[in-house]
Amino acid sequence: MYKNLAATLVAACFFLPTAQSLAQTSSASSEPFKAGFVYVSPITEAGWTKQHDEGRKAVEKALGNQVKTTFVADVPEGADAERVIRDLAQQGHQIIFTPSFGYMEPTLKVAKDFPNVKFEHATGFKRADNVSTYNSKFHEGRAVLGTIAGKMSKSGTLGYLGSYKVPEVVLGVNSFCLAAQRMNPAATVKLVLIDSWFDPPKEAAATETLINLGCDIVTTHTDSPGPLQILEQKGLHGFGQGADMSSFAPNAHLTAIEDIWGPYYVARAQALLDGSWTSTDTWDGFKEGTVVISPYSAAVPADVAAEADKVQAGYKDGSFNIFTGPIMDQSGAEKVKA
């Protein structure tokens, strides 16, 4: 702009700019930057996408008229995701958040074509100069849930409803299982994967399957409260995913892992604003406040709550790690030494 202005001044025999043109220049420089968000499921009353949208709202609250946010919800992973991410970049969004594992490759592909746009991808592991990754140590929360389940289960058979066989989900399953077996060495975990992050009918059907396999407590790594509602009907127990879901199943809901994204989103948006943004990899948990456990329900006995609290405290002060050896695989072979 200044180069063009200089040329204009020469051509106009050094006429000075008017007060109006100076005001317009000032207004343009104070335009809000645009932050885009892409969600893998609809925004419901609770769950993964809801929590990320709360993070988006936190950015708006913290930065006010310095930022304008946009979101697109219920975007399938794959070609649709690339189209939406590319569209946001073409619309002039300076930073784009893509919080789903299957958005990793589409994000990288678009980022290569828009080197001046910053991208933030959740749960993936590939980065670039303009692509950061971030995740939460959900497995720490799964260790709490496993502790409760291992202590409370009457059958010793626990259910785990997962989405996809990706690192984040596998990590959570193993953490839940090992924590349950700390409380009850005979505990077993039945796993069903539905190949979807959000599909209430599939989630409900899978929960029914787990119950038929003898599971009296079920935890989920899918986004709807449907599984809890099935457990409520059966007089059984389970855990919320991503947020406190007790309002959907007040008797079945024992507690939940809550995802707190606001502080991270605000920090990254602020970094873009002040010019300090760099490509990073962030993995926070209980200690940083990204993982939070909802209040325990009245169904959780005091001694069980005390054991669960020990796990939380241990992760916060660094004295506990569920993946401390020896760890055996399902055949009994040692995989992690003492």
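Because the structure is a prediction, the values reported are computed rather than measured.

1. Some remarks on the sheet that holds strand S7 (residues 188–193)
Alright, step 1. Across the sheet, 6 strands lie side by side as S7-S6-S8-S9-S10-S12; this open sheet has mixed pairing. Single-partner strands in this sheet number two, and they are S7 and strand S12 (291–293). Taking each pair of neighbouring strands and ignoring which way they run, the sheet shows an average axis angle of 15 degrees.
Alright, step 2. Bridge analysis of strand S10 (residues 253–259) against S12 gives 3 bridges, and the strand direction is antiparallel. Each residue of the ladder has a partner; that of Ile257, found in S12, is Ile293.
Alright, step 3. Along the sheet, helix H7 (residues 167–183) contacts strand S6 (157–162), S7, strand S8 (217–220) and strand S9 (237–242); its crossing angle with S6, the most-contacted strand, is approximately 165 degrees.
Alright, step 4. The sheet contacts of helix H8 (residues 200–212) involve S6, S7 and S8, and relative to S6 the element is tilted by about 160 degrees.

2. Observations regarding helix H3 (residues 48–63)
Alright, step 1. For H3, spanning 16 residues, the distance from its first C-alpha to its last is 23 Å, which sits close to the expected 22 Å at 1.5 Å a residue.
Alright, step 2. Turning to H3, its buried residues number three or more, namely Trp48, Thr49, Gln51, His52, Asp53, Gly55, Arg56, Val59 and Leu63.

3. So, unusual backbone geometry
Alright, step 1. Geometrically, the link from Gly325 to Pro326 is a cis peptide bond, its omega value of 5 degrees lying close to zero.
Alright, step 2. For Pro326, the position within the fold is in the loop between helix H11 (302–317) and strand S13 (327–328).
Alright, step 3. Of note, the phi angle at Asp74 is positive, near 60 degrees, even though the residue is not glycine.
Alright, step 4. You can see Asp74 is positioned in the loop between strand S2 (67–72) and helix H4 (79–90).

4. Focus: the pattern of salt bridges
Alright, step 1. Going through the model one piece at a time under the given rule, you end up with 14 salt bridges.
Alright, step 2. Here Arg56 ties to Asp53 by a salt bridge, and the two come within 2.7 Å at their closest N and O atoms. Here the residue Arg56 and the residue Asp53 both occupy positions in helix H3, the gap between them amounting to 3 residues, near one helical turn.
Alright, step 3. Classification of Asp53 as buried rests on a relative accessible area of 4%.
Alright, step 4. The salt bridge partner of Lys57 is Glu54, with a shortest N-O separation of 3.6 Å.

5. A short note on the packing of aromatic side chains
Alright, step 1. Evaluated as defined, the whole model comprises 18 aromatic pairs.
Alright, step 2. Aromatic side chains Trp261 and Tyr265 sit 6.5 Å apart centroid to centroid with 20 degrees between the ring planes, which places their arrangement in the stacked category. Taken as a pair, Trp261 and Tyr265 share a single burial class, namely buried.
Alright, step 3. Within the aromatic cluster, the residues linked to one another by ring pairs are Phe37, Tyr39, Trp48, Phe71, Phe97, Tyr134, Phe138, Trp261, Tyr264 and Tyr265.
Alright, step 4. The ring centre of Trp283 lies 5.3 Å from the NZ or CZ of Lys137, which sits over that ring.

6. So, the confidence of the model for the protein
Alright, step 1. For the protein, per-residue confidence averages 91 on the pLDDT scale, and residues scoring 70 or more make up 91% of the total.
Alright, step 2. Segment residues 1–28 is flagged for pLDDT under 50; beyond a separation of four residues in sequence, or across chains, it makes 5 contacts in the model.

So, how was this worked out
- Residues numbered from 1 in each chain as written.
- Predicted model: local features only at pLDDT ≥ 70, side-chain atom pairs only at ≥ 80, totals over all residues.
- Heavy atoms only, no water.
- Pairing = 2+ DSSP bridges.
- Helix = DSSP H or I, 4+ residues; strand = E, 2+ residues; numbered from the N terminus.
- Axes fitted to C-alpha atoms, helices over the stretch in contact; angles between N-to-C directions.
- Contact = heavy atoms within 4.5 Å.
- Expected span 1.5 Å × (residues − 1).
- Buried < 20%, exposed > 50% of the residue type's maximum accessible area, 1.4 Å probe, protein only.
- Salt bridge = Lys/Arg side-chain N within 4 Å of Asp/Glu carboxyl O.
- Phe/Tyr/Trp six-rings, centres within 6.5 Å; stacked < 30°, edge-to-face > 60°.
- Lys NZ or Arg CZ within 6 Å of the ring centre and 35° of its normal.
- pLDDT = per-residue confidence, 0-100.

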